[in-house]
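# Descriptive structure summary
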Amino acid sequence: MKSPLKLTKTTEESQIAEFFQESVGKWRSERRYYTLSSGTIKEIVSAIAIRFLEPGCEELQKLAQLHELPDAVSLVCGTEVTWDSTDVVTGKQESQGSTLFGALGNILYRDRGFATSKPITAEYYLPNPKILCLRTEYNGSVFEEELKLIGTKYRTRQTIISRAGEQLMIGQYLEKRLG
């Protein structure tokens, strides 16, 4: 007997869909990266745009193909995040790009990582509907991230980057919704 396709979302999938929908819009992100070994601090300002991706959309289908998921498996939702970042001190453009996120169960599938252009996955959980916690591992590094929605106009983010059990960098972000 064949098992029926899953038609209902898990609690995690319902919560991540709500979190993604509440994050939709344009944001100004002010961030600081602290390199723990040297004590150096880098300040970056980014313009971020977040778009919700519905189940079955072309972007999520492509993301599933990148991760070689079976055709019968569909990502339940996702987001496209675009950014344009500038170094506050030098005024030089730091980076510009986009990334896709797609959720299935307690895994977020991404088309690229923070420090790689290769597809990656992250485990996630939401301790409450306003806080998303991620853990991503690749190239010997671990990225632990917390995103917190504060009302409708603000988000905070914190990222801790470790290698071989040693914390190397902390990124702290304050993001304000524009408009």
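Note: the structure precedes this text.
Residues numbered from 1 in each chain as written. Predicted model: local features only at pLDDT ≥ 70, side-chain atom pairs only at ≥ 80, totals over all residues. Heavy atoms only, no water.

### Let's talk about a nonpolar patch on the surface
On the surface, a cluster of nonpolar side chains totalling about 250 Å² of accessible area is made up of I150, Y154 and L174. Among the secondary structure elements, L174 is positioned in strand β10 (residues 166-177). On the basis of relative accessibility, which here comes to 41%, the residue L174 falls in the partly exposed class. (Patch = residues over 30% accessible without salt bridge, like charges linked within 9 Å, V, L, I, M, F, W, Y side chains within 5 Å. Areas by Shrake-Rupley, 256 points an atom, 1.4 Å probe, with all protein chains shown as cover. Salt bridge = Lys/Arg side-chain N within 4 Å of Asp/Glu carboxyl O. Helix = DSSP H or I, 4+ residues; strand = E, 2+ residues; numbered from the N terminus. Buried < 20%, exposed > 50% of the residue type's maximum accessible area, 1.4 Å probe, protein only.)

### Remarks on helix α2 (residues 58-66)
Each α-helix winds once per 3.6 residues, and so residues spaced three or four apart point in a common direction. Within α2, burial applies to L60, L63 and A64. Along α2, the residues classed as buried sweep out an arc of 100 degrees about the axis, all on the same side. Set apart from the buried face of α2 by more than 90 degrees, the exposed residues are E58 and Q65. Looking at the buried residues of α2, the elements they touch are β2 (41-53), β3 (77-87), β4 (93-104) and β5 (107-110). In the stretch just after α2, E68 is the one whose phi turns positive, near 55 degrees. (Arc of directions from axis to C-beta. Contact = heavy atoms within 4.5 Å.)

### Some remarks on the packing of aromatic side chains
Taken as a whole and judged by the stated rule, the model has two aromatic pairs. Arranged with centres 5.9 Å apart and planes meeting at 85 degrees, the rings of Y33 and Y173 form a pair that is edge-to-face. You can see Y33 sitting in strand β1 (residues 25-35) and its partner Y173 sitting in strand β10, a full 140 residues away along the chain. One exposure class covers both Y33 and Y173, and it is buried. Note on Y138 and F143: the rings are 5.0 Å apart at their centroids and 20 degrees apart in plane angle, and the pair reads as stacked. (Phe/Tyr/Trp six-rings, centres within 6.5 Å; stacked < 30°, edge-to-face > 60°.)

### Focus: the pattern of salt bridges
Pairing between side chains of opposite charge can happen when the charged atoms of each approach one another. Under the criterion given, the structure shown has twelve salt bridges. Two residues, E94 and K42, come together in a salt bridge whose shortest N-O distance is 2.8 Å. Taken as a pair, E94 in strand β4 and K42 in strand β2 lie far apart in primary sequence, 52 residues in all. On the accessibility criterion, E94 (35% relative accessible area) is partly exposed. Residue K42 is classed as partly exposed on the basis of its relative accessible area of 34%. Residue R51 pairs with E59 through a salt bridge whose shortest N-O separation is 2.6 Å. When its relative accessible area of 37% is taken as the criterion, R51 is described as partly exposed. Overlapping salt bridges, with partners in common, bring together E145, R155, R157 and E175 in one network.

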